[in-house]
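Each chain is listed here by its residues.
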Amino acid sequence: MTDPEVSFELPPRHTVLRSFAGHLEAPPETVFGRLLAALMPAPSEGVATINRHFRADPAERLIVVQGDWWYRGEYRVLAEEEGSLVQYEIINVAQAFHAAGALTARSELRAAPRAFQTLLTKVGGPLAR
């Protein structure tokens, strides 16, 4: 379930507000599948209901979640020698009133470290560190 309106390309005006990374001791394909399952909107909810757009590229192991007027989350799964590296970036993509996007993001940014660790635990189970 992907939204064709969400581009894998970043808009011209964007600012990375926070970046996170975590290691999981599982193959990248497994981690990507689990991450996809954890992030994909439930079919009963529908993309519009939860006010976010979603797109995934399994070949690149990239997931884009876009919501509201300023928020874009990008998740990447990269191969490492002993498992996978999960990267997450919170990006301000507001084209108009770009500075207001960063101000609006304050609560999201405060909650992000814990939310990312919770997601890693869910995706990797006891393998997350």
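Residues numbered from 1 in each chain as written. Predicted model: local features only at pLDDT ≥ 70, side-chain atom pairs only at ≥ 80, totals over all residues. Heavy atoms only, no water.

## Observations regarding the packing of helix 1 (residues 28–39) against helix 3 (residues 106–124)
Basically, it comes down to this: To get an axis, fit a line to the C-alpha atoms, keeping to the stretch in contact for a helix; angles then go from 0 to 180 degrees between the N-to-C directions. Each helix corresponds to a stretch of at least 4 residues labelled H or I by DSSP, and each strand to a stretch of at least 2 residues labelled E; elements are numbered beginning at the N terminus. Any angle from 65 to 115 degrees is called roughly perpendicular, while one under 35 is roughly parallel, one over 145 is roughly antiparallel, and all others are oblique. Should the near helix be turned anticlockwise from the far one by less than a right angle, the crossing is termed left-handed; should it be turned clockwise, right-handed. A contact between two residues is defined here by any heavy atoms of the two lying within 4.5 Å. Basically, the charged four are Asp, Glu, Lys and Arg, the nonpolar ten are Ala, Val, Leu, Ile, Met, Phe, Trp, Tyr, Cys and Pro, and anything else, Gly included, counts as polar.
In contact at an axis separation of 9 Å, helix 1 and helix 3 are set at 120 degrees when each is read in the N-to-C sense. The pairing of helix 1 with helix 3 is recorded here as oblique in orientation. The chirality of how helix 1 crosses helix 3 is right-handed. Facing helix 1, whose interface residues are Val 31, Arg 34, Leu 35, Ala 38 and Leu 39, helix 3 presents Leu 119, Lys 122, Val 123 and Gly 124. Here the residues of the contact of helix 1 with helix 3 sort into six nonpolar, one polar and two charged.

## Quick word on the environment of Arg 34
Positionally, Arg 34 belongs in helix 1. Along the chain, Arg 34 and Lys 122 lie 88 residues apart, while their C-alpha atoms are 8.5 Å from each other. Each residue touching Arg 34, except ones within four places of it in the same chain, is listed here: Val 123 and Gly 124.

## A word on unusual backbone geometry
One non-glycine residue, Arg 61, lies in positive phi territory at about 50 degrees. Position of Arg 61 relative to the elements: it lies in the loop between strand 2 (52–57) and strand 3 (62–67).

## Some points on helix 1
The condition is simple: A helix is expected to span 1.5 Å for every residue after the first. Type-normalised accessible area, obtained with a 1.4 Å probe on protein chains alone, sets the label of each residue: buried when under 20%, exposed when over 50%, and partly exposed for intermediate values. This arc is taken over the directions from the axis of the helix to the C-beta atoms.
Over its twelve residues, helix 1 extends 16 Å from the first C-alpha to the last, a length consistent with the 16 Å expected when each residue adds 1.5 Å. For helix 1, the full list of buried residues reads Pro 28, Val 31, Phe 32, Leu 35, Leu 36 and Leu 39. Within helix 1, the buried residues cover an arc of 135 degrees as seen down the axis, which keeps them to one side. Those residues of helix 1 that are exposed and angled more than 90 degrees off the buried face are Glu 29 and Ala 37.

## Some thoughts on the environment of Gly 83
Tracing the chain through its elements places Gly 83 in strand 5 (residues 83–92). Taking C-alpha positions, Gly 83 is 4.2 Å from Glu 25, a pair spaced 58 residues apart along the chain. Excluding anything up to four places from it in sequence, Gly 83 contacts His 23, Leu 24, Glu 25, Ala 26, Pro 28 and Leu 78.

## With respect to the nonpolar core
Using the following cut-off: We call a set of buried residues a nonpolar core when its members are Ala, Val, Leu, Ile, Met, Phe, Trp, Tyr or Cys and they connect through side-chain atoms within 4.5 Å of each other.
Counting residues in each nonpolar core, the largest one holds 27 residues, and the members touching the most others are Leu 35, Ile 63, Tyr 75 and Ile 90. Residue assignment for this core shows that the elements contributing at least two residues are strand 1 (15–24), helix 1, strand 2, strand 3, strand 4 (71–80), strand 5 and helix 3. By residue number, the principal contributor to this core is helix 3, which donates six residues. Look past the residues within four positions of Tyr 75 in its chain and what remains in contact with it is Leu 35, Leu 39, Arg 61, Leu 62, Ile 63, Val 65, Gln 87, Tyr 88 and Leu 119.

## Describing the confidence of the model for the chain
Where we set the bar: Known as pLDDT, the predictor's confidence for each residue is given on a scale from 0 to 100.
Of all residues in the chain, 86% attain a pLDDT of 70 or more, and the chain-wide mean is 87. Strand 5 holds the highest mean pLDDT among the elements of the chain, 97, whereas strand 2 holds the lowest, 86.

## Overview of the packing of aromatic side chains
Convention followed: Within 6.5 Å between ring centres, the rings of Phe, Tyr and Trp (the latter by its six-membered ring) count as paired, and their orientation is classed by plane angle as stacked under 30 degrees, edge-to-face over 60, tilted in between.
Going through the model one piece at a time under the given rule, you end up with five aromatic pairs. With 5.5 Å between their ring centres and 85 degrees between their planes, Trp 70 and Tyr 71 make a pair best called edge-to-face. Accessibility assignment for this pair places Trp 70 and Tyr 71 in one class, buried. Here the aromatic cluster, defined as three or more aromatic residues joined through ring pairs, consists of Phe 20, Tyr 75, Tyr 88 and Phe 116.

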